[in-house]
Amino acid sequence: MGKKKILFLTGDYAEDYETMVPFQMLTMVGHEVHAVCPGKKAGEKVQTAIHDFDGAQTYSEKPGHLFVLNYSFDEVDPTEYDAICIAGGRAPEYLRLEQKVIDLVHHFNHFNKPIAAVCHGIQILTAANVVRGRRLTAYYAVGPEVTLAGGEYVNVPATEAVVDGNLVTSPAWPGHPNWIAAFLEVLGTKIEL
């Protein structure tokens, strides 16, 4: 299978690695990736945040990079995309309040197109009510939301990913190698060494 067109959803205070790395990896293998944020246009930036594990009871948050969006959210037509990828961090908390974000997720779910989400990105999936009866993972603090939304929360190490049909999830950025590899497999992307 050839080049795919992927919608990449991020926003202000999305996690830095969970924005930069998937965007770069998916672009590197030859896919066309449109990075968008509600209320912003191509060329505008989102402020990312670095979430790290420093020994506290939860992650710490530090300023990340400015990430330049390459497509305007208002111009997104979900019928033109083969898949969606959702960054984690704090952005999903407010992005899930946007009806168009929920509508986009419904489109990808309804047409069984690949959906990849990492960490808190799963909050958008629970808000869209598309996890009922599905097996998925998320950052452990989002686990209760998955259960309340009718999903089966799978507690795996942060380095792992969980695949259920078209749905590919991972708990956090340490899982990028397995998460993106699984997403590429669901996309039908072959990498030959």
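The text that follows walks through the structure, step by step, so that each part is easy to find.

**Quick word on the overall build of the protein**
Logical step 1: Of the regular secondary structure elements, the protein holds 6 helices and 10 strands.
Logical step 2: Against the globule reference of 16 Å for 193 residues, the protein gives a C-alpha radius of gyration of 15 Å, in line with a compact fold.
Logical step 3: If you line up the protein on its principal axes, its C-alpha atoms span 40 × 40 × 35 Å.
Logical step 4: Sequence separation of 24 or more characterises 66% of the internal contacts of the protein that already satisfy a separation of 6 or more.
Logical step 5: Surface accessibility of the protein: about 8,800 Å² in total, with carbon and sulfur atoms responsible for 53%.
Logical step 6: Of the side-chain charges in the protein, 15 are positive and 23 negative, and the distance between the mean point of each set is 3 Å.

**Here we look at helix α1 (residues 16-28)**
Every α-helix carries 3.6 residues per turn, so stepping three or four residues along brings you back to the same face.
Logical step 1: The terminal C-alpha atoms of α1 lie 18 Å apart, and with 13 residues this matches the ideal 18 Å at 1.5 Å per residue to within 8%.
Logical step 2: All buried positions along α1 are accounted for by D16, E18, T19, M20, P22, F23 and L26.
Logical step 3: A distance of 2.7 Å separates the backbone nitrogen of Y17 from a side-chain oxygen at the start of α1, and that oxygen is part of E15.
Logical step 4: Of the residues one or two after α1, G30 is the one with positive phi, at around 105 degrees.

**A short note on the nonpolar core**
Logical step 1: Membership of the largest hydrophobic core comes to 56 residues, with the highest contact counts inside it found for L125 and F183.
Logical step 2: Other than its neighbours up to four places away in sequence, F183 contacts I6, L26, A83, I84, C85, P114, A116 and V168.

**Observations concerning the packing of aromatic side chains**
Logical step 1: For the structure on display, the rule yields 6 aromatic pairs.
Logical step 2: Where F8 meets F23, the ring centres are 6.3 Å apart and the plane angle is 55 degrees; that geometry is what we call tilted. A residue pair is termed long-range when its members are at least 10 positions apart, and F8 in strand β1 (residues 5-9) and F23 in helix α1 qualify at 15 residues. Judged on exposure class, the residue F8 and its partner F23 are both buried.

The rules we used
Residues numbered from 1 in each chain as written. Predicted model: local features only at pLDDT ≥ 70, side-chain atom pairs only at ≥ 80, totals over all residues. Heavy atoms only, no water. Helix = DSSP H or I, 4+ residues; strand = E, 2+ residues; numbered from the N terminus. Rg over C-alpha atoms; globule rule 2.2 N^0.38 Å. Contact = heavy atoms within 4.5 Å. Areas by Shrake-Rupley, 256 points an atom, 1.4 Å probe, with all protein chains shown as cover. Lys, Arg positive; Asp, Glu negative; His and termini not counted. Charge placed at Lys NZ, Arg CZ, Asp CG, Glu CD. Expected span 1.5 Å × (residues − 1). Buried < 20%, exposed > 50% of the residue type's maximum accessible area, 1.4 Å probe, protein only. Polar contact = N/O pair within 3.5 Å; in protein donor to acceptor, adjacent residues only side chain to side chain. Core = buried A, V, L, I, M, F, W, Y, C linked by side-chain atoms within 4.5 Å. Phe/Tyr/Trp six-rings, centres within 6.5 Å; stacked < 30°, edge-to-face > 60°.

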